[in-house]
Amino acid sequence: MKKLLLAAAISSLFATPATVTAAETPEHSFTGNATLASDYRFRGISQTFQLPAVQAGFDYAHSGGAYLGTWASNVSNNVYANGAGLEWDLYGGYKFEVAKDMTLDIGLLYYWYPGAKFNNPGQDKFNNTELYGAVSYGSFTAKYSHTLSDFFGMKTATMSGLCGLSSSGAATATCFSANPGDSKGSGYLDLAYNRDLGDKLTLGLHVGHQSVSNYGKLSYTDYKIGLTKEYNGFLLGAALIGTNADTELWRAMNGAQANGLKFIDPRGTTLVLSLGKTF
């Protein structure tokens, strides 16, 4: 599930080299990015079992506004079962200016987890497809993502009767029904503000809300307060990230047992450090 630096990876494809002026924007541009992060948090939830992540992406942009890209990160097998260790995203869309300092961005994003499948008879997949739209004005961006598939595979066949986990690993009384239904139509609202503080230092503020169709107990709000600093061609980042997600259910969903009886809280507040490079 999707990601601390995805927004940065997508936005980077619209960047041009410092030596190129706006009037000289090339018709075709290609950019790449690589990041090392202390944790991979997707919408506030850890995808790497609170362990480091290596992430990279590649983007193509046309001067007319169309773009295509791909991005990948390691994920934990404790989160995505049966041999999965990779999240590979594919996306494309169209970004255009509608007024002075205002742009719209519409696109489609596919999350692919090669080899990952639920431990159910049908061996359903975690793969997910979202349609998104964003409007940016100055330093503010509002983005909404709408799930066209089941939300990362959540449906009756995969979630029936699932209960939360206590810190000791025991099942709790917080459970889903025997027939909860599918999760198509889930949505995520992302509000972000970025302010240049000078000397290549940027403040980033974010608040988001994930709603999960037919699985209201999994809905939650997340936030991020971050600083990024460009230094010698690298981007240094530090972000405080947290959520109000249900600890017991998300521990069951995204914090399976590891190292004996260690059960983590994948949605707790944490400080994520990162080192990135765009090329």
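Everything here concerns the structure above.
Below, the structure is looked at part by part. Just so it is clear, the model here is predicted, and its values are computed rather than measured. (Residues numbered from 1 in each chain as written. Predicted model: local features only at pLDDT ≥ 70, side-chain atom pairs only at ≥ 80, totals over all residues. Heavy atoms only, no water.)

A word on the overall build of the protein. Counting secondary structure elements, the protein contains three helices and 16 strands. Among the 279 residues that make up the protein, the fraction classed as buried is 43%. Restricting the contact set of the protein to residue pairs at least 6 apart, pairs at least 24 apart contribute 57%. Only carbon and sulfur atoms are counted for the fraction: they give 61% of the accessible area of the protein, which is about 13,200 Å². (Helix = DSSP H or I, 4+ residues; strand = E, 2+ residues; numbered from the N terminus. Buried < 20%, exposed > 50% of the residue type's maximum accessible area, 1.4 Å probe, protein only. Contact = heavy atoms within 4.5 Å. Areas by Shrake-Rupley, 256 points an atom, 1.4 Å probe, with all protein chains shown as cover.)

Another point: the pairing of strand 15 (residues 234-243). The sheet contact formed by strand 14 (residues 220-231) and strand 15 spans 10 bridges and is antiparallel. Among the inter-strand pairings, Asp-222 is bridged to a residue of strand 15, identified as Thr-243. Hairpin connection from strand 14 to strand 15: two residues lie between these consecutive antiparallel strands, with Asn-232 at a positive phi of about 50 degrees. Bridging between strand 15 and strand 16 (residues 270-278) involves seven bridges; their strand directions are antiparallel. Note on strand 16: the bridge partner recorded for Gly-237 is Ser-274. (Pairing = 2+ DSSP bridges.)

Note on sheets: strands pair through backbone hydrogen bonds, and any given pair is parallel or antiparallel. A barrel is described by the order of its strands in space; here 12 strands give the closed sequence 1-4-5-6-7-8-9-12-13-14-15-16, paired in antiparallel fashion. Ignoring strand direction, the axes of neighbouring strands in this sheet form an average angle of 20 degrees. Relative to strand 8 (residues 128-137), strand 7 (residues 102-112) runs antiparallel, the two sharing 10 bridges. Residue pairing in the sheet places Leu-109 in a bridge with Glu-130 of strand 8. (Axes fitted to C-alpha atoms, helices over the stretch in contact; angles between N-to-C directions.)

A word on unusual backbone geometry. With the exception of glycine, most residues fall at negative phi, and the peptide bonds are largely trans. Unusually for a residue other than glycine, Arg-43 sits at a positive phi of about 55 degrees. With respect to the secondary-structure elements, Arg-43 resides in the loop between strand 2 (41-42) and strand 3 (45-46). With a phi close to 60 degrees, Phe-49 is a non-glycine residue in the positive phi region. By the secondary structure assignment, Phe-49 is in the loop between strand 3 and strand 4 (53-62).

Looking now at the pattern of salt bridges. Two side chains bearing opposite charge may form a pair once their charged atoms approach each other closely. Inspection of the entire model under this criterion finds five salt bridges. The salt bridge partner of Lys-229 is Asp-199, with a shortest N-O separation of 3.2 Å. Taken together, the positions of Lys-229 in strand 14 and Asp-199 in the loop between strand 12 (187-198) and strand 13 (201-211) put the pair 30 residues apart, joining distant regions of the chain. Note on Asp-199: relative accessible area 63%, which makes it exposed. (Salt bridge = Lys/Arg side-chain N within 4 Å of Asp/Glu carboxyl O.)

Across 10 bridges, the pairing between strand 13 and strand 14 is antiparallel. Opposite Thr-202, over in strand 14, you have Thr-228 as the bridge partner.

Quick look at the side chain of Ser-149 now. Take Ser-149: it is sitting in the loop between strand 9 (140-147) and helix 2 (156-159). Engagement of the side chain of Ser-149 in a polar contact is seen with the side chain of Asn-128, the distance being 3.2 Å. A distance of 3.0 Å separates a polar side-chain atom of Ser-149 from the backbone nitrogen of Thr-129. Filtering out sequence-adjacent residues up to four positions away, Ser-149 remains in contact with Asn-127, Asn-128, Thr-129, Ser-183 and Lys-184. (Polar contact = N/O pair within 3.5 Å; in protein donor to acceptor, adjacent residues only side chain to side chain.)

We now examine the state of the cysteines. Inspection of the entire model under this criterion finds one disulfide. One disulfide bridge connects Cys-163 with Cys-175, the sulfur atoms lying 1.9 Å from each other. Between Cys-163 and Cys-175, the S-S dihedral sits near 105 degrees, and the bridge is therefore right-handed. Pair noted here: Cys-163 is in strand 10 (residues 163-165) and Cys-175 is in strand 11 (residues 171-175), with a separation of 12 residues, a long-range link. For Cys-163, a relative accessible area of 22% translates into the label partly exposed. (Disulfide = S-S within 2.5 Å.)

A separate point is the packing of aromatic side chains. Under the criterion given, the structure shown has 14 aromatic pairs. Here Phe-118 and Phe-126 contribute two aromatic rings whose centre-to-centre distance is 4.1 Å and whose plane-to-plane angle is 25 degrees, an arrangement assigned as stacked. For Phe-118, a relative accessible area of 11% translates into the label buried. Every member of this aromatic cluster is reached through a ring pair, and the members are Phe-42, Tyr-111, Tyr-113, Phe-151 and Phe-152. (Phe/Tyr/Trp six-rings, centres within 6.5 Å; stacked < 30°, edge-to-face > 60°.)

Function cannot be inferred from these measures alone, as they are strictly geometric.
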